[in-house]
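Next come the chains, spelled out residue by residue.
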Amino acid sequence: MPNWRPLSPGERAVAIAILTHGPLSRSELAKQLDLSAGSLTRLTKPLIESGLLVDAGAAPDEPAPAGLPGGAMARQGRPTKPLEVVAEAQHFAGFKVTADAVYGVVTTLRSEVVARRLMPLGDQEPEAVVDQLDAMASEFKVEFPRLAGIGIGVGGQVRDGSLVVENTFLGWKNVPLAAMVEERTGLPAVVDNDVAALIEAEAWFGAGRGLERFAVLTIGAGFGYGLVLGGKLVRTREDGKRWIIDPYGPFDKNGERGTADGLLTIPGIRFQMQAATGREATYAEILDGAAAGEPLPHRIVHQSARGLGTLVAQIANFAVPEKILLAGEGVGLVDVAGETVREAIDANRHPSADPVVLETKVSDFHEWARGAAVLAIQVLVLGAGEER
């Protein structure tokens with residue numbers, strides 16, 4: 001098993017660059033981090049000795065400068081070997097806790113999912129949830145003995161560096177979930193808001209990799225928003241649920257008009273349908289009805305699509321991200337009413353503004369659990385207590 005130890009700031013920069021960008025030659029890495037060859041050798045040597053990095057294999061020699069014997073294409077020196085992270089050196093467990101189930105995954109150091117589990121949640125009391133997390137982690141450890149850490153994503157606010165959880169779905173307040181899980185499992189654990197975890201995964205390994213300004217909207221069982229600047233998530237207690245997108249929009253379950261929660265989430269859209277008809281309908285049924293041109297589902301879905309487009313445009317106007325990712329289990333809205341979304345974006349942007357790069361990604365709960373595993377990866381690479 002590799003000999004992990006806390007990384008220095010320079011080693012950390014090298015590890016993150018290779019982890020998030022893939023195999024890099026020493027010349028590419030030195031250029032990217034503005035390091036001399038000697039400094040790079042000093043920083044990479046302990047990372048290779050610890051087992052975190054490996055020479056991935058010989059690559060063709062780099063061209064010699066023009067004017068050398070053999071012309072511009074002459075080659076000199078020893079072959080350059082790209083440096084690569086040993087993805088399988090350690091594994092990480094990620095858990096997404098919902099009101100009725102725990103979704104778990106195991107990932108490599110590169111966040112590749114190699115196992116997944118689902119267990120119904122019968123008891124929502126903190127001790128019972130910790131029991132279930134311990135049972136699932138123990139099962140994972142049998143198959144993956146190099147399990148290095150646990151990440152947990154929960155809805156609601158997480159404060160004090162993941163030590164205290166306030167969770168509306170489970171009715172929790174001031175629950176030191178990370179400490180409880182560490183005590184039970186014997187593994188380092190980190191807890192964060194599930195949206196924040198998903199954004200961290202996309203910033204390090206997904207749609208936002210390498211971008212300076214990157215925004216994420218999530219729609220599904222709830223609504224979430226996050227902004228990444230300079231590779232770091234902007235931390236705030238504002239969850240966006242009560243943002244007023246359309247002051248003349250439909251009422252939500254709290255009696256407020258045109259909120260993000262009421263317009264864009266699956267429960268919000270289902271509530272609109274029930275309020276109009278007096279009967280319940282699934283999200284899939286509402287989308288299917290809208291696609292078939294049924295008047296009421298069509299009106300509800302396209303009203304939500306206009307709200308989504310308006311919100312995307314305002315984020316683009318004020319945050320100026322290079323890309324906006326729309327994720328979550330509710331993105332089927334765009335499949336049915338994507339043209340309406342785009343029309344609303346255009347209507348709320350200046351004609352000379354740059355086009356909005358909007359990417360959609362269906363994220364099931366195991367994908368949210370993968371985001372939580374990335375939290376544990378970050379703790380290993382950045383160090384406990386370091387700002388992510």
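Refer to the structure presented above.
Cut-off values and rules
- Residues numbered from 1 in each chain as written.
- Predicted model: local features only at pLDDT ≥ 70, side-chain atom pairs only at ≥ 80, totals over all residues.
- Heavy atoms only, no water.
- Phe/Tyr/Trp six-rings, centres within 6.5 Å; stacked < 30°, edge-to-face > 60°.
- Helix = DSSP H or I, 4+ residues; strand = E, 2+ residues; numbered from the N terminus.
- Buried < 20%, exposed > 50% of the residue type's maximum accessible area, 1.4 Å probe, protein only.
- Pairing = 2+ DSSP bridges.
- Axes fitted to C-alpha atoms, helices over the stretch in contact; angles between N-to-C directions.
- Contact = heavy atoms within 4.5 Å.
- Left-handed = near helix turned anticlockwise from the far one by under 90°.
- Nonpolar A, V, L, I, M, F, W, Y, C, P; charged D, E, K, R; others polar.

A.B. asks: Even after reading the chapter, I still don't get the packing of aromatic side chains, so can you show me in this structure?
C.D. replies: Working definition: an aromatic ring pair is given by the centre-to-centre distance plus the angle between the planes. Within the structure shown, the criterion is met by five aromatic pairs. Ring centres of Phe-223 and Trp-243 lie 5.9 Å apart, and the angle between their planes is 70°; this geometry places the pair in the edge-to-face category. On the criterion of sequence distance, the pair formed by Phe-223 in strand S12 (residues 223-229) and Trp-243 in the loop between strand S13 (232-233) and helix H7 (260-264) is long-range, its members being 20 residues apart. Judged by relative accessible area, Trp-243 falls into the partly exposed class, the value being 26%. Each residue in the set Phe-223, Tyr-225 and Trp-243 is aromatic and connected to the rest through ring pairs, giving one cluster.

A.B. asks: Would you explain the sheet that holds strand S14 (residues 323-328) in this entry?
C.D. replies: Strand order in the open sheet formed by five strands is S13-S12-S11-S14-S15, with mixed pairing between adjacent strands. A strand with exactly one partner marks an edge of an open sheet, and here the two such strands are S13 and strand S15 (358-362). One ladder, built from two bridges, connects S12 with S13; its direction is antiparallel. Paired with Val-228 across the strands is Leu-233, a residue of S13.

A.B. asks: Honestly, the sheet that holds strand S3 (residues 91-97) in this entry has me stumped. Any pointers?
C.D. replies: What holds strands together in a sheet is hydrogen bonding between their backbones, with the strands either parallel or antiparallel. With mixed pairing, five strands are arranged side by side in an open sheet as S5-S4-S3-S6-S10. The open sheet has two edge strands, strand S5 (113-120) and strand S10 (189-193), and neither has a second partner. The mean inter-strand angle of the sheet, taken between neighbouring strand axes irrespective of direction, is 20°. Sheet topology note: the S3/strand S6 (residues 147-154) ladder contains seven bridges and is parallel. Of the residues in S6, the one forming a bridge with Val-97 is Val-154. Along the sheet, helix H6 (residues 194-205) contacts S3, S6 and S10; its crossing angle with S10, the most-contacted strand, is approximately 105°. Sheet strands touched by helix H12 (residues 365-382): S3, strand S4 (101-107), S5, S6 and S10. Its angle to S3, the strand with the most contacts, is close to 135°.

A.B. asks: When you look at the packing of helix H1 (residues 9-21) against helix H2 (residues 26-33) in this model, what are you seeing that I'm missing?
C.D. replies: When two helices pack together, their arrangement is given by the angle between the helix axes and the distance between those axes. Axis separation between H1 and H2 bottoms out at 11 Å; the angle between their running directions is 115°. In this structure, H1 meets H2 at a crossing whose hand is right-handed. When H1 is examined against H2, the residues Ala-13, Val-14, Ala-17, Ile-18 and His-21 are found in contact with a partner set consisting of Leu-29, Gln-32 and Leu-33. Residues that form the contact of H1 with H2 fall into these classes: six nonpolar, two polar and no charged.

A.B. asks: It is not clear to me how unusual backbone geometry should be interpreted in this structure. Could you clarify?
C.D. replies: Excluding glycine, a negative phi dihedral is what most residues carry, and trans is how most peptide bonds are arranged. With a phi close to 55°, Asn-174 is a non-glycine residue in the positive phi region. Phi at Val-320 takes a positive value of approximately 50°, unusual for a residue other than glycine. Assignment of secondary structure puts Val-320 in the loop between helix H10 (295-319) and S14. Take Val-320: its relative accessible area is 44%, and that puts it in the partly exposed class.

Keep in mind that these numbers describe shape and distance, not what the molecule does.
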